[in-house]
Amino acid sequence: MKNAEIAKIFYEIADLLEMQAVQFKPQAYRKAARTLEGMSEDIEKVSGEGRLTELAGVGEALAGKIQEYLKTGKVKHLDELKKKIPGNLDELLKVQGLGPKRALVLYDKIKIESIDDLEKAARQGRIRRIEGFGEKTEQDILKGIEMYRLGTKRMLLGVALPLAREIVEKLKSLKEVKRAEIGGSIRRRAETIGDIDILVTTSNPSKISKFFVSMPEVERVFAEGDTKSSILLRNGKQVDLRVLKEDEFGSALQYFTGNKDHNIKLRNIAIKKGLKLSEYGLFRKAGSKRIAGRSEEEVYKKLGLQYIEPELREDQGEIDLALKNKIPKIIGYGDIKGDLQMHTKNSDGVNTVKEMAVAAKSMGYEYISMTDHSQSEKIANGMEPERLLKYIQGIRKAEKEVKGIRIFASAEVDIKSDGSLDYSDDILKKLDIVTVSIHSGFKMEKEKMTQRICSGLQNKHVDIFNHPTGRYINRREPYEMDFEKVVQTAVKNKVHLEINSSPERLDLKDSLIRKAKELGADFTISTDAHSVDGLKAMEYGIAMARRGWLTKKDVINTRSLKELPKYFKNLK
DNA sequence: GCCGTTTTCGGCCCGACTGTTTTCAGTCG
Ligand SMILES: Nc1nc2c(ncn2[C@H]2C[C@H](O)[C@@H](COP(=O)(O)OP(=O)(O)OP(=O)(O)O)O2)c(=O)[nH]1
Ligand SMILES: [Mg+2]
Ligand SMILES: [Mg+2]
Ligand SMILES: [Zn+2]
C-alpha cells in the first residue's frame, strides 16, 4: 500500500509551502495527508475506481498528484519546491520545537540541511547568534536531537492505558482535584498512542501544575503554564496535562479527546450556527454568552448533534450521522458473557483449565472456551490427536469441579499451507467449537494465501477465524490476502471473525471490523489469554469493536449460554 | 487547495506556552 508514502509527500509539500508563508494550502495538504494515513483501503484501489475526490480533503488537484505518484513514483510539485530548499527537511522537522519557519531560517543563514548539520552548529554555538534564536533555543535543539535519536515508537494501547490510569489515580489523591480524566487517543482507545493526555478540573490550577511537573518520575518539563503543562517521564513517555475549571469540564474533555479533525468539524458547525466552540465552552459569537460547557452531552446537543462516543470520534463519518441522529448504539464494555479463546498448560499457557475457569467465573462470565494449539504448533506444545482427546476429558472434568460456568472444549487449529486443517474431521467433530488460525507460511503470495484461508474456512466444522490478518503491531505486517473475499467466504460458511484483544495484535483492527460488518460478517471478541491475567485484556477487544461501530448484536459472545449453541456447528 | 441547507467565491478552529521579543511569531495541542 502506497497510502503512507503519499501522505508523507503531502506533509513535506505542506512544510515547504509553509516555509514560504503560503496561506491555507499547507492545511489543505495536511488534511489530505491525515485522510490517507487514517484509511485502511488501498489508495491504488480507490484511484482505480475513480473515487479519489470522494476522500476528505482531496479535490481535483490533489487527486491528480496522487495519480501522478501512482503512475511515475514522483510528484513534480514536490521536486520543484525542493529545488529551492534542498536538504533533509522531513528529518529536521522531527526535532521537537523546530518547525518550517525556523528550519528555513537555519537553511538560509547557515545552510543547515540535516540533523547532523544542526547538531554540529548547535555544539559550536552558531545557532544562538542568529537573530530570533538564543542560547536556550540552542540547548532545546540539542535536547530535541537527542530525543529524535532515541527513535521512540508509538505505545501500544495496552501499555498506555494502565500508565494513564496510574497517573490519574495519583492526581485524584490531591484534595484540590475535582476530576481527573484520560483524554486524547487513549480515551478514543486508538490501537497505538503517541502521548498520554490527562484533563483535571480544579479551583487551584497552579497547585496542580506544580505537583505534576515535580513528580519524581519526571525527566524533563517541556512547558508549564496555568492551564497546560507537558512533561517527559523517565520511561521516555510524554504526558500532557490540561487544567480547567469544573464548569468547563465538558467542553474541555471534548476538546482534549479529539481527534483533531473531529474537533475542527465541530468548531465549523458552531461557526455556521453563529457560535464559537473551544475548550472553554460553546459561546454565542455576539455577546460572547456561554451556552454550554459543563458536560460533553450538552455541547453536542447544543450543536444539534447526537452524543458521540469517544471511540467513534475519528472524523470517519460520525458527525454527519450524528446530525441525523443515526449513530447506532455500539456495544458496551459490560456486554460480554464469555471468552472464546484462551490457552492452558495443555499447550503454551501457564495456568490449568480449572484455574482459567475459576478466574473467568469470578469475572462474571457464563462460559469460556479452551483453545489450545493443534499438533503442527510444535514450539507451542501443540496437541497430537491422542493428547487432544485426553484434553477434552480434562475439560469435562474441570467443568464438573468448578461448577457454574460452561467450559467449551475447543482448539486453535492451524490452517496448513495447503489449506487443509491440522486435524481430521473425525477429530474436529469431537470438539464443541472449532477455531482456525494462520500460524506459519506468512510470506505466501496474495492469491495463494486467500485460497488457503478460504479452503480452511469451508470445512464443515469451522466456527471462528482467529486473528484474521496475523499482524503484530509495530512488529509484523499482516499477511497478504484478499480481505473482501475472505470475509465473503466466512459469511457464506457462517464462520465468525475474531477480534483478538491481545494488545500487540488487536486483530481485526477497527477499520477492518467496520468493513467486515458492511460485508455482512459477525464477530467474536476474545482475549487469547495465555494466563489468568491475560483474561483482563477483553476491554481492548471491546474497544476495537466499538471503534469498528459494532452493536451488541454483531458480537456472538454477548449472547447468554442458552442462546449460544445455534451459532456453533458442532453444538447445533 | 478544498468546499458548500445562508456561499461555486471567500472563507478556512481556536487557544496555550516559550524565547526573544518591546509586542509577538513560532510551535504545538
Ligand atoms: N481544536 C484542536 N484540537 C486539537 C488540535 N491538536 C490536538 N487537539 C486536541 C485533540 C487531540 O486528541 C488532543 C490531544 O492531542 P494529541 O496531539 O496528543 O493527539 P492524540 O492524543 O489524538 O493522538 P496521539 O496518539 O497523541 O498522537 O488535543 C488542533 O490542532 N485543534
Ligand atoms: Mg495524545
Ligand atoms: Mg498530547
Ligand atoms: Zn493464535
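Each remark here, short or long, concerns the structure printed above.
The model shown is predicted, which means the values in this text are computed figures rather than measured ones. (Residues numbered from 1 in each chain as written. Chains lettered and ligands numbered in written order. Predicted model: local features only at pLDDT ≥ 70, side-chain atom pairs only at ≥ 80, totals over all residues. Heavy atoms only, no water.)

Quick rundown of the coordination of the magnesium ion (ligand 3)? Include the residues and the values.
In the first shell of the magnesium ion (ligand 3), the protein supplies Asp195 (OD), Asp197 (OD) and Asp240 (OD), at 2.0 to 2.3 Å from the metal. Sequence positions of the residues that donate to the magnesium ion (ligand 3) give the spacing D-x1-D-x42-D. In this structure, the magnesium ion (ligand 3) is positioned 3.5 Å from the magnesium ion (ligand 2), and both are ligated by Asp195. One exposure class covers both Asp195 and Asp197, and it is buried. (Donors = N, O, S within 2.8 Å, 3.2 Å for Na, K, Ca; no water. Buried < 20%, exposed > 50% of the residue type's maximum accessible area, 1.4 Å probe, protein only.)

Before we move on, can you summarise the site of ligand 1 with the specific residues and values?
Taken together, 15 residues lie around ligand 1, and Arg154, Ser185, Gly194, Asp195 and Asp197 are the ones closest in. The contact in question runs from an oxygen atom of ligand 1 to an N or O atom on the side chain of Ser185, over 2.5 Å. In the complex, 72% of the free accessible area of ligand 1, which totals 590 Å², lies under the protein chains. At the level of elements, helix 11 (184-187), helix 13 (249-257) and helix 14 (260-272) are the ones that each hand at least two residues to the shell around ligand 1. Across the shell around ligand 1, the residue classes tally to three nonpolar, six polar and six charged. (Near = heavy atom within 4 Å. Polar contact = N/O pair within 3.5 Å; in protein donor to acceptor, adjacent residues only side chain to side chain. Areas by Shrake-Rupley, 256 points an atom, 1.4 Å probe, with all protein chains shown as cover. Helix = DSSP H or I, 4+ residues; strand = E, 2+ residues; numbered from the N terminus. Nonpolar A, V, L, I, M, F, W, Y, C, P; charged D, E, K, R; others polar.)

Give a description of helix 4 (residues 60-72) that names residues and reports values.
Given a rise of 1.5 Å per residue, 13 residues ought to cover 18 Å, and the 18 Å separating the end C-alpha atoms of helix 4 matches this to within 8%. Leu62, Ala63, Lys65, Ile66, Tyr69 and Leu70 are the residues of helix 4 that are buried. Burial along helix 4 is one-sided: seen end-on, the buried residues are contained in an arc of 160 degrees. Every exposed residue of helix 4 that faces more than 90 degrees away from the buried side is listed here: Glu60, Ala61, Lys71 and Thr72. Where the residues of helix 4 are buried, they touch helix 1 (3-19), helix 2 (25-38), helix 3 (43-48) and helix 5 (76-84). Positive backbone phi, approximately 75 degrees, marks Gly73, located one or two places after helix 4. (Expected span 1.5 Å × (residues − 1). Arc of directions from axis to C-beta. Contact = heavy atoms within 4.5 Å.)

So what about the sheet that holds strand 10 (residues 290-292)? Which residues, and what values?
Pairing is antiparallel in the open sheet, where three strands are placed in the order 8-9-10. Among the strands making up the open sheet, the edge pair consists of strand 8 (275-278) and strand 10. Each strand of the sheet is rotated relative to its neighbour by a mean of 35 degrees, with strand direction disregarded. Alignment of strand 8 against strand 9 (residues 281-284), held across four bridges, turns out to be antiparallel. Its bridge partner being in strand 9, Ser278 is matched across the sheet by Gly281. Relative to the sheet, helix 14 contacts strand 8 and strand 9, its axis offset from that of strand 8 by approximately 155 degrees. (Pairing = 2+ DSSP bridges. Axes fitted to C-alpha atoms, helices over the stretch in contact; angles between N-to-C directions.)

Tell me about helix 17 (residues 353-362), and please be specific about residues and values.
The α-helix winds at 3.6 residues per turn, so residues separated by three or four positions along the chain end up facing the same way. Within the span of helix 17, buried status applies to Val353, Met356, Ala357, Ala359 and Ala360. Seen end-on, helix 17 carries its buried residues on one side only, within an arc spanning 165 degrees. Buried-residue contacts for helix 17 involve strand 12 (367-373), helix 18 (385-402) and strand 13 (406-414). Looking one or two residues beyond helix 17, the residue adopting positive phi is Gly364, at roughly 90 degrees.

Account for unusual backbone geometry, naming residues and giving values.
Negative phi is the rule for most residues except glycine; trans is the rule for most peptide bonds. Omega for the peptide link from Gly258 to Asn259 comes to 0 degrees, which places this bond in the cis form. Note that Asn259 resides in the loop between helix 13 and helix 14. The omega torsion of the bond from Asp507 to Leu508 falls at 5 degrees, within 30 degrees of zero and hence cis. Looking at the secondary structure, you find Leu508 in the loop between strand 16 (496-500) and helix 22 (510-518). If you check the backbone angles, Asn381 has positive phi at about 60 degrees while not being a glycine. Within the secondary structure, Asn381 sits in the loop between strand 12 and helix 18. A residue is classified by how much of its surface remains accessible, and Asn381, at 33% relative accessible area, is partly exposed. Unusually for a residue other than glycine, Asp528 sits at a positive phi of about 60 degrees. In this fold, Asp528 is placed in the loop between strand 17 (523-526) and helix 23 (538-547).

Run through the pattern of salt bridges, naming residues and quoting values.
Within the structure shown, the criterion is met by 47 salt bridges. The closest approach of N and O atoms between Arg30 and Asp15, which form a salt bridge, is 2.9 Å. Within this pair, whereas Arg30 is found in helix 2, its partner Asp15 is found in helix 1, the two being separated by 15 residues in sequence. No difference in accessibility class separates Arg30 from Asp15, as the two residues are buried. In this structure, the salt-bridge partner of Glu279 is Arg267, at a minimum N-O distance of 3.7 Å. Linking Glu279 in the loop between strand 8 and strand 9 with Arg267 in helix 14, this pair joins segments that are 12 residues apart in sequence. By relative accessible area, which is 13% here, Glu279 ends up buried. (Salt bridge = Lys/Arg side-chain N within 4 Å of Asp/Glu carboxyl O.)

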